[in-house]
Amino acid sequence: MTAAAGSDQRQERLTRLGFRFGINGPHAARTMMLDDLRTLLAHTPAAASRQAYATAIVTDNLLGKSTKKARALSLKHLAALYGLDAANPLFRALRRLWSLDAAAQPLLALTVALARDPLLRASGAFVLSRPVGVLVLPEDWAAFLADAFPDRFSAASLKSFSRNLAGTWTAAGFLQGYRRRTRSLPKVQPEVVALSLFLGHLEGRSGQRLFSSEWMTLLGGIPAELEALTNAAANRGLLVFMNAGGVQEVRFPNYLTPEEDQIRQEAAHVV
């Protein structure tokens, strides 16, 4: 199997577990829509169907949009960012953790949005490369996008996309300010660590390798801090964590169906 074929097969399996790939993403038009997501999840049951979310947004106008077109677009972008489907393992994990701590919600939303929006995901390395306290200017975002996606965006698009990306990273706590944003560090809760470890698990990681995934790298912090947060997550029943003699094991009981776990194992073994 060629590397390209292996990558395609792996992406196909990860897509079935809730990830999205490609070159386009909702951040071409929106931020991660944190306020809308909070409203939607606060007024729908955890086991709601995809149709129930559509009804809440489009028919009932739960999000208070001014036109039917705006409602339909909100549904489209929220579904792309988060799945809005109990059959989606990523969204199911998000709903499982969402109501436990409101302070964790911005980072929980960001984590799932990163897994499902390639445009947002591409911006992660740019944000993490900025030292804490340093200004991150609109022109910095535009330069990053122009370099990462050469000849793809017009000047107007660069400005719009930069604004959306900056808005999301600010809402998640990685930036602070409005007109003059500076790099900051978000406060990480055990629920966020649980979700970040789960994403690494979906990718086929296990043991110590879970702690070196891009999802955990995003959170920053020294290993001892992340281990303490993992212990806290285990104490809250969010996962199972065993650490003995330097050997670490993390399990996620009842997060996946047997069929989903089989897909996860297949993705792990695709070269």
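Quantities reported herein were computed from a predicted structural model and do not represent experimental measurements.

Asker: Would you explain the overall build of the protein in this entry?
Answerer: For the protein, the count of helices and strands is 14 helices and 4 strands. A compact globule built from 271 residues would reach a C-alpha radius of gyration of about 18 Å, and the protein, at 19 Å, matches this within 12%. Across the 271 residues that make up the protein, the buried fraction comes to 48%. For the protein, contacts bridging at least 24 residues in sequence account for 67% of all contacts bridging at least 6. Total accessible area on the protein stands at roughly 12,800 Å², and carbon and sulfur atoms take up 54% of it. Side chains of the protein give 31 positive and 22 negative charges; the mean places of these two sets differ by 6 Å.

Asker: Help me out: how do you make sense of unusual backbone geometry in this one?
Answerer: What you tend to see is this: most non-glycine residues have negative phi, and most peptide bonds are trans. Positive phi is not limited to glycine here, since Asn-61 has a value of about 50°. Residue placement: Asn-61 occurs in the loop between helix H3 (50-59) and helix H4 (68-82). Unusually for a residue other than glycine, Leu-84 sits at a positive phi of about 50°. For Leu-84, the position within the fold is in the loop between H4 and helix H5 (89-98). What makes Leu-84 buried here is its relative accessible area of 1%.

Asker: Would you explain the environment of Gly-200 in this entry?
Answerer: Examined against the element boundaries, Gly-200 turns out to sit in helix H11 (residues 190-202). Given the relative accessible area of 0%, Gly-200 is considered buried. Considering only alpha carbons, one finds Gly-200 and Arg-96, 104 residues apart in sequence, at a separation of 17 Å. Among residues more than four places away in sequence, those in contact with Gly-200 are Arg-205, Leu-210 and Trp-215.

Asker: Please explain the pattern of salt bridges as it appears in this structure.
Answerer: Oppositely charged side chains are able to pair whenever their charged atoms sit close together. On inspection of all chains with the given rule, the structure shows 8 salt bridges. Here Arg-16 makes a salt bridge to Glu-12, at a shortest N to O gap of 3.6 Å. Separated by 4 residues within a single helix, Arg-16 and Glu-12 lie in helix H1 (residues 3-16), roughly one turn from each other. For Glu-12, a relative accessible area of 38% translates into the label partly exposed. Ionic pairing is found between Glu-260 and Arg-92, a salt bridge with its closest N-O pair at 2.6 Å. Highlighted residues: Glu-260 in helix H14 (residues 258-268) and Arg-92 in helix H5, separated in sequence by 168 residues. Counted as one network, the salt bridges with shared partners bring together Glu-12, Arg-13, Arg-16 and Glu-266.

Here is what the cut-offs are and how they apply
Residues numbered from 1 in each chain as written. Predicted model: local features only at pLDDT ≥ 70, side-chain atom pairs only at ≥ 80, totals over all residues. Heavy atoms only, no water. Helix = DSSP H or I, 4+ residues; strand = E, 2+ residues; numbered from the N terminus. Rg over C-alpha atoms; globule rule 2.2 N^0.38 Å. Buried < 20%, exposed > 50% of the residue type's maximum accessible area, 1.4 Å probe, protein only. Contact = heavy atoms within 4.5 Å. Areas by Shrake-Rupley, 256 points an atom, 1.4 Å probe, with all protein chains shown as cover. Lys, Arg positive; Asp, Glu negative; His and termini not counted. Charge placed at Lys NZ, Arg CZ, Asp CG, Glu CD. Salt bridge = Lys/Arg side-chain N within 4 Å of Asp/Glu carboxyl O.

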